[in-house]
Amino acid sequence: MSDRVPTAGLRTAGRAARRLARTTARRFGTELEVIRSREGRADFALFHDFAPSPSGGGHQFLRALTRELATRGVTVELNRVSAGTPACLFNSFNFDFRRLRRFAGRGARMVHRVDGPIGVYRGFDDGTDDLIAELNAELADATILQSRFSLEKHVELGFALREPVVIPNAVDPAIFHPPTGREPLEGRRVRVIATSWSDNPRKGGATLGWLDRSLDHGRFELTFAGRAPATFEHVRVVGPLDSEALAALMRTQDAYLALSYDDPCSNALLEALACGLPAAYRQSGGHPELVGEAGLPFTEDDELGEVLERLVGELDERRAAISVRSISSVAERYLDVLGLRGAT
């Protein structure tokens, strides 16, 4: 009988050891930060694990928000709450829960920015919404949601969030803004773009496939920027782009397609509107709240040809109706909820 440990067992033991080492290092780092932050102060703390660009809408919005606040002299510390820091904003579930709990007893006003419901726009329930609700009940003094849809859907599902207020997202106007001029439509195809960082099927991949098969490609040039859910014959795919490159591309387009289901506050849609693109949008989630009269809705894929034709016919009118909230006004509302209006 061999006394050698099977290879699979060694791999399992190795993974367990690495997880333990990471957990131990993370906890040690937290305790070290607790000691270091016994003195000191920032205007507020932000708990969020940023991903490098290109990345999803939450990362993009929080970057825009912190940049705007920095221009006002508002100081932000990341993933810690110093003893003198009066407020803390923690984002959905995108941070170390244990670390937040370790810092939460210092008397800061705790504001929870809540997305989703996660299970609704992902299309499956893995318990994340329950975890968010548990943390909200335990720590939050107030809750920021990004749309009326998000608030009402949480209520419908039985999630009682602390002192909820709706504040939609906004984008960085230094990056996302209309072009100085536009190429006339005459003599060329109408340029339509859809974007998504995520390749979750609920972002509308099946509709892209339908458009690839069914849209009049002699009339429309359709571009997709992001993680392509499939290969296409006619749809031009450019892959994920950082914010500057994406904004530059959108300024060459004529209209935007918002294809996702139950998206509470699509940053991709906000970026397109800010670049001056009227939208054909799925009648779902927070899309109607964001678009208003600056676009046209659809419910079924086979409506899209007619909707796009009507949108092209009303392009100037719909473009003139675009109204996006400024990052400045959104920052003001965040400061109000954080109790920091006097910080600027």
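Details of the structure are given in the entry above.
Below you will find a few notes about this structure.

Reading the values: the criteria
- Residues numbered from 1 in each chain as written.
- Predicted model: local features only at pLDDT ≥ 70, side-chain atom pairs only at ≥ 80, totals over all residues.
- Heavy atoms only, no water.
- Helix = DSSP H or I, 4+ residues; strand = E, 2+ residues; numbered from the N terminus.
- Buried < 20%, exposed > 50% of the residue type's maximum accessible area, 1.4 Å probe, protein only.
- Polar contact = N/O pair within 3.5 Å; in protein donor to acceptor, adjacent residues only side chain to side chain.
- Contact = heavy atoms within 4.5 Å.
- Pairing = 2+ DSSP bridges.
- Axes fitted to C-alpha atoms, helices over the stretch in contact; angles between N-to-C directions.
- Salt bridge = Lys/Arg side-chain N within 4 Å of Asp/Glu carboxyl O.
- Expected span 1.5 Å × (residues − 1).
- Arc of directions from axis to C-beta.
- Core = buried A, V, L, I, M, F, W, Y, C linked by side-chain atoms within 4.5 Å.
- Right-handed = clockwise from strand over helix to strand, strands pointing away.

Things to note about the side chain of Thr-85
Relative to the helices and strands, Thr-85 resides in the loop between strand 2 (76-78) and strand 3 (87-91). Assessed through its relative accessible area of 3%, Thr-85 is described here as buried. Polar side-chain contacts of Thr-85 include one of 2.6 Å to the side chain of Glu-77. Among residues more than four places away in sequence, those in contact with Thr-85 are Gly-40, Arg-41, Ala-42, Asp-43, Phe-44, Ala-45, Glu-77 and Ala-108.

So, the environment of Thr-66
Along the polypeptide, Thr-66 turns up in helix 2 (residues 57-71). When the C-alpha atoms of Thr-66 and Leu-46 are compared, they prove to be 9.2 Å apart, with 20 residues separating the residues in sequence. At 2.9 Å, the side chain of Thr-66 and the backbone oxygen of Leu-62 are in polar contact.

As for the sheet that holds strand 12 (residues 295-298)
Spatial ordering of the open sheet is given by 9-8-7-10-11-12, a layout of six strands whose pairing is parallel. With one partner strand each, in any of the chains shown, strand 9 (236-237) and strand 12 form the two edges of the open sheet. As paired elements, strand 7 (residues 190-196) and strand 8 (residues 220-226) share seven bridges and run parallel to each other. Looking across to strand 8, one finds that Arg-191 is bridged to Glu-221. Running at roughly 150 degrees to strand 8, helix 7 (residues 205-214) makes contact with strand 7, strand 8, strand 10 (255-258) and strand 11 (279-282) of the sheet. On the sheet, helix 8 (residues 243-250) packs against strand 7, strand 8 and strand 9 and is oriented at approximately 155 degrees with respect to strand 7.

So, the environment of Arg-101
Checked against the element boundaries, Arg-101 lands in helix 3 (residues 97-103). Exposure remark for Arg-101: the relative accessible area of 32% places this residue in the partly exposed category. Each C-alpha atom of the pair Arg-101 and Leu-139 lies 8.0 Å from the other, and the pair is 38 residues apart in sequence. In contact with Arg-101, other than residues within four places in its own chain, are Glu-134, Leu-135, Glu-138 and Leu-139.

A closer look at unusual backbone geometry
The omega torsion across Gly-116 and Pro-117 is 15 degrees, close enough to zero to call that bond cis. For Pro-117, the location among the structural elements is in the loop between strand 4 (109-114) and helix 4 (118-122). For Asn-79, which is not glycine, the phi dihedral falls at a positive 60 degrees. On the basis of relative accessibility, which here comes to 14%, the residue Asn-79 falls in the buried class. Notably, Glu-163 is not glycine yet its phi reads approximately 40 degrees, a positive angle. Mapped onto the secondary structure, Glu-163 falls in the loop between helix 6 (148-156) and strand 6 (164-166).

Focus: the pattern of salt bridges
Across all of its chains, the model carries 21 salt bridges by this definition. Where Asp-43 meets Arg-41, a salt bridge forms, and the shortest distance between an N and an O atom there is 3.2 Å. We note a salt bridge from Arg-122 to Asp-126, for which the minimum N-O separation is 3.2 Å. Overall, the relative accessible area of 24% leaves Arg-122 in the partly exposed class. Look at Asp-126 and you get partly exposed, because its relative accessible area is 47%. Through salt bridges with shared partners, a single ionic network connects Glu-183, Arg-188, Arg-191 and Asp-254.

Considering helix 5 (residues 128-139)
If you check helix 5, its first and last C-alpha atoms are 16 Å apart, about what twelve residues at 1.5 Å a residue would give, namely 16 Å. Taken residue by residue, helix 5 has Thr-128, Asp-129, Ile-132, Ala-133, Leu-135, Asn-136 and Leu-139 as its buried positions. Down the axis of helix 5, the buried side of the element spans an arc of 165 degrees, and every buried residue falls inside it. Structurally, helix 5 contributes buried residues whose contacts are with strand 3, helix 3, strand 4, helix 4 and strand 5 (142-145).

Digging into the nonpolar core
Core analysis: the largest hydrophobic core is formed by 26 residues, its most contacted members being Phe-176, Ile-193, Met-250, Tyr-256, Leu-269, Leu-277 and Val-291. For this core, the secondary-structure elements that each account for two or more residues are helix 8, strand 10, helix 9 (267-274), strand 11 and helix 10 (287-291). No other element matches the six residues that helix 9 contributes to this core. Once you skip the residues sitting within four places of it in the chain, Leu-269 turns out to touch Tyr-256, Ala-258, Ala-279, His-287, Leu-290 and Val-291.

Observations regarding the pairing of strand 8
Two faces belong to every sheet, and in a regular strand the side chains alternate between them. For strand 8, a buried count of six out of seven residues is recorded, marking the element as mostly surrounded by other parts of the structure. Between strand 7 and its parallel partner strand 8, the chain crosses via helix 7, and the hand of that crossover is right-handed. Inspection of the sheet shows strand 8 paired to strand 9 by two bridges, in the parallel sense. Paired with Thr-223 across the two strands is Arg-236, which belongs to strand 9.

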